[in-house]
Amino acid sequence: MRVGIMGTGSYVPERILTNNDLAKIVDTNDEWITTRTGIRERRIASDDEATSDLAFKAAEKAIIDAGIDKNEIELIIVATMTQDHLTPSTAALVQDKLGIKAAAFDVSAACTGFIYGFTAGYSFIKAGIYKKVLVIGAETMSRVTDWEDRGTCILFGDGAGAVVLGEVETGGFLASHLAADGSGACELIVPAGGSRKAATAETIENREVYLKMNGREVFKFAVKAFPESVENVLTQQNLTADDIDIFIPHQANVRIIEAIAKRFKQPLDKFFVNLHKYGNTSGASIPIALDEASKEGRFKKGDKIVATGFGGGLTYGSILFEWSK
Ligand code: UT7
């Protein structure tokens with residue numbers, strides 16, 4: 001049985017925050033942000049929007065795109081690092097909003113979360129446990145962003161993307177690689193608000209409830225981990241980078257994407273980029289990119305696609321699949 005993407009959908013909040021807007025909040029400027037990252041603007045959720053709201057809107061579109069009845073969905077997986085609450089899962093809230101009967105759980109693998117969720121969804125179908133699985137990547141990064149830290153607040157944005165996985169006639173899933181290196185946990189971390197350090201007046205005062213990142217270390221990790229993961233899925237299928245029609249990289253920094261294109265001696269236009277519009281939306285970046293690339297007509301039936309994520313954990317991973325629609 002072939003398992004693949006039946007439909008995609010995405011949703012980004014209406015509010016746009018430009019680099020010039022950020023220059024009014026912290027000591028930065030459009031030129032620095034654009035040249036160091038490629039990001040020009042990002043979307044910010046409204047006060048009454050949480051991750052499950054963005055996830056729900058992306059999910060509804062993916063279900064319509066797949067041309068199925070929402071009641072056919074048997075499992076919902078939400079990849080997020082900005083869940084509505086520590087508990088319940090954001091996936092359970094999406095299940096309720098969709099008004100369907102389905103199992104639901106969250107995946108915590110930061111910017112690699114969608115790659116982990118996709119692989120889990122594929123495995124549930126391949127094992128014969130469920131027939132159709134909704135995999136969503138959704139984030140409201142603006143809620144864990146330290147708006148006083150120019151090293152991080154210029155990078156992140158809010159949004160959600162979703163895919164419906166199910167049996168497809170041609171193409172579909174070919175390979176997956178998932179990896180974690182917890183020794184690098186401190187490089188990208190929200191120190192407080194969990195069981196290690198509760199959210200107390202003191203941790204809030206110390207701004208430990210916000211995301212801390214060692215940008216240079218994460219950059220170094222990304223340019224090493226990304227090619228390793230791509231090589232892994234290519235080798236599983238005896239393919240080379242030349243056989244890949246389009247790469248869907250995690251949208252963190254255009255300099256990372258350029259370094260990877262160079263490393264594989266591939267033209268940059270084989271790498272889908274939309275980070276100039278949305279910044280880094282963590283677990284949502286790959287499914288938003290998949291949906292936009294699909295809607296822009298970038299995929300043809302039979303195209304070989306590699307999507308690669310990297311980030312907090314540290315985690316990294318790739319999926320290799322053939323476009324089935
Ligand atoms: O999805 C999770 C994965 N995360 C990532 O992929 C992030 C990976 N890292 C990066 O993308 C880059 O490291 C950053 C974009 C975060 C930073 O770029 P960088 O080229 O590594 O800059 P840097 O941290 O080495 O800082 C260079 C200079 C510093 O000044 P000095 O020490 O040279 O005087 C910073 O203080 O730039 C300064 N700087 C800024 N200047 C203006 C740092 N942030 C800013 C800013 N505006 N926003």
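Cut-off values and rules
- Residues numbered from 1 in each chain as written.
- Predicted model: local features only at pLDDT ≥ 70, side-chain atom pairs only at ≥ 80, totals over all residues.
- Heavy atoms only, no water.
- Axes fitted to C-alpha atoms, helices over the stretch in contact; angles between N-to-C directions.
- Helix = DSSP H or I, 4+ residues; strand = E, 2+ residues; numbered from the N terminus.
- Parallel < 35°, antiparallel > 145°, perpendicular 65-115°, else oblique.
- Left-handed = near helix turned anticlockwise from the far one by under 90°.
- Contact = heavy atoms within 4.5 Å.
- Nonpolar A, V, L, I, M, F, W, Y, C, P; charged D, E, K, R; others polar.
- Near = heavy atom within 4 Å.
- Polar contact = N/O pair within 3.5 Å; in protein donor to acceptor, adjacent residues only side chain to side chain.
- Areas by Shrake-Rupley, 256 points an atom, 1.4 Å probe, with all protein chains shown as cover.
- Domains from an automatic or database assignment.
- Core = buried A, V, L, I, M, F, W, Y, C linked by side-chain atoms within 4.5 Å.
- Buried < 20%, exposed > 50% of the residue type's maximum accessible area, 1.4 Å probe, protein only.
- Pairing = 2+ DSSP bridges.
- Phe/Tyr/Trp six-rings, centres within 6.5 Å; stacked < 30°, edge-to-face > 60°.
- Buried area = accessible area lost by both parts, 1.4 Å probe.
- Salt bridge = Lys/Arg side-chain N within 4 Å of Asp/Glu carboxyl O.

Chemist: Outline the packing of helix H8 (residues 215–236) against helix H9 (residues 254–263), supporting the account with residue identities and numerical values.
Modeler: In a pair of packed helices, the angle between the axes and the distance between the axes together describe the arrangement. Closest axis-to-axis distance for the H8/H9 pair is 10 Å, and the angle between their directions is 40 degrees. Between H8 and H9, the crossing angle belongs to the class labelled oblique. Crossing handedness for the pair H8 and H9: right-handed. Note on element contacts: H9 touches H8 through Arg255, Ile256, Ala259, Ile260 and Arg263, opposite Phe219, Ala222, Val223, Phe226, Pro227 and Glu231. Looking at the contact of H8 with H9 residue by residue, the classes come out as 8 nonpolar, no polar and 3 charged.

Chemist: Break down the site of the ligand for me, citing the residues and quoting the values.
Modeler: Taken together, 22 residues surround the ligand, and among them Thr28, Arg216, His250, Asn253 and Asn280 come closest. Note that an oxygen atom of the ligand is positioned 2.8 Å from one of the side-chain N or O atoms of arginine 36. Contact between the ligand and asparagine 253: an oxygen atom at 2.8 Å from a side-chain N or O atom of the residue. Here the ligand has 960 Å² of accessible area as a free molecule, and 76% of this is covered by the chains. At the level of secondary structure, the elements contributing two or more residues to the shell around the ligand comprise helix H2 (30–37), H8 and H9. Looking at the shell around the ligand, the element that brings in the most residues is H8, giving 4 residues. Composition of the shell around the ligand by domain shows at least three residues from each of domain 1 (2–170) and domain 2 (174–272 + 280–322).

Chemist: Describe the nonpolar core, naming the residues involved and giving the relevant values.
Modeler: Membership of the largest hydrophobic core comes to 42 residues, with the highest contact counts inside it found for Val230, Leu234, Ile244, Phe247, Val306, Phe310 and Leu320. Contributions of two or more residues to this core are made by strand S8 (172–180), H8, H9, strand S12 (304–311) and strand S13 (315–322). Looking at this core element by element, the count peaks at 8 residues for H8. Here this core spans two domains, and each of domain 1 (2–170) and domain 2 (174–272 + 280–322) adds at least three residues to it. When neighbours within four sequence positions are excluded, valine 306 is seen to be in contact with Val230, Val233, Leu234, Ile244, Ile246, Phe247, Ile248, Ser318, Ile319 and Leu320. Residues Val3, Leu75, Ala109 and Phe299 belong to the second largest nonpolar core, which totals 30 residues.

Chemist: Can you lay out the sheet that holds S13 for me, pointing to particular residues and giving the numbers?
Modeler: With mixed pairing, 4 strands are arranged side by side in an open sheet as S8-S13-S12-S11. Each having just a single partner strand, S8 and strand S11 (246–249) make up the two edges of the open sheet. Ignoring strand direction, the axes of neighbouring strands in this sheet form an average angle of 10 degrees. Across 8 bridges, S8 lies against S13 in antiparallel orientation. In the sheet register, glycine 172 faces S13, and the bridge partner there is glutamate 322. Running over the sheet, helix H11 (residues 285–295) touches S11, S12 and S13 and is turned about 145 degrees from S11.

Chemist: Outline the packing of aromatic side chains, listing residues and values.
Modeler: Inspection of every chain in the model, using the stated rule, returns 9 aromatic pairs. On the basis of an interplanar angle of 50 degrees and a centroid distance of 6.2 Å, the ring pair of phenylalanine 105 and phenylalanine 124 is categorised as tilted. Of this pair, phenylalanine 105 sits in strand S5 (residues 103–107) while phenylalanine 124 sits in helix H5 (residues 113–126), and the two are 19 residues apart along the sequence. When its relative accessible area of 29% is taken as the criterion, phenylalanine 105 is described as partly exposed.

Chemist: Just give me the short version of the side chain of histidine 177, but keep the residues and values in it.
Modeler: Mapped onto the elements, histidine 177 comes out in strand S8. Judged by relative accessible area, histidine 177 falls into the buried class, the value being 11%. Not counting residues up to four positions away in its chain, the partners in contact with histidine 177 are Ile115, Ser229, Asn232, Val233, Tyr316, Gly317 and Ser318.

Chemist: Give a detailed account of the domain arrangement of the chain, specifying residues and quantitative values.
Modeler: Domain assignment breaks the chain into domain 1 (2–170) and domain 2 (174–272 + 280–322). Taking the mean C-alpha position of each, domain 1 and domain 2 sit 14 Å from one another. Between domain 1 and domain 2, the residue contacts involve 43 residues of the former and 41 residues of the latter. Both faces combined, the contact of domain 1 with domain 2 buries some 3,300 Å², and carbon together with sulfur accounts for 63% of it. Taken together, the connections running from domain 1 to domain 2 amount to 2 salt bridges. Linking arginine 207 and aspartate 146 is a salt bridge whose minimum nitrogen-to-oxygen distance equals 3.0 Å. Elements with a contribution of two residues or more to the side of domain 1 that touches domain 2: strand S1 (3–11), H2, H5, strand S6 (133–140), helix H6 (150–153) and strand S7 (158–167). Tallying contributions element by element places S7 first for the side of domain 1 that touches domain 2, with 6 residues. Taken together, the residues that form the side of domain 1 that touches domain 2 break down as 20 nonpolar, 16 polar and 7 charged.

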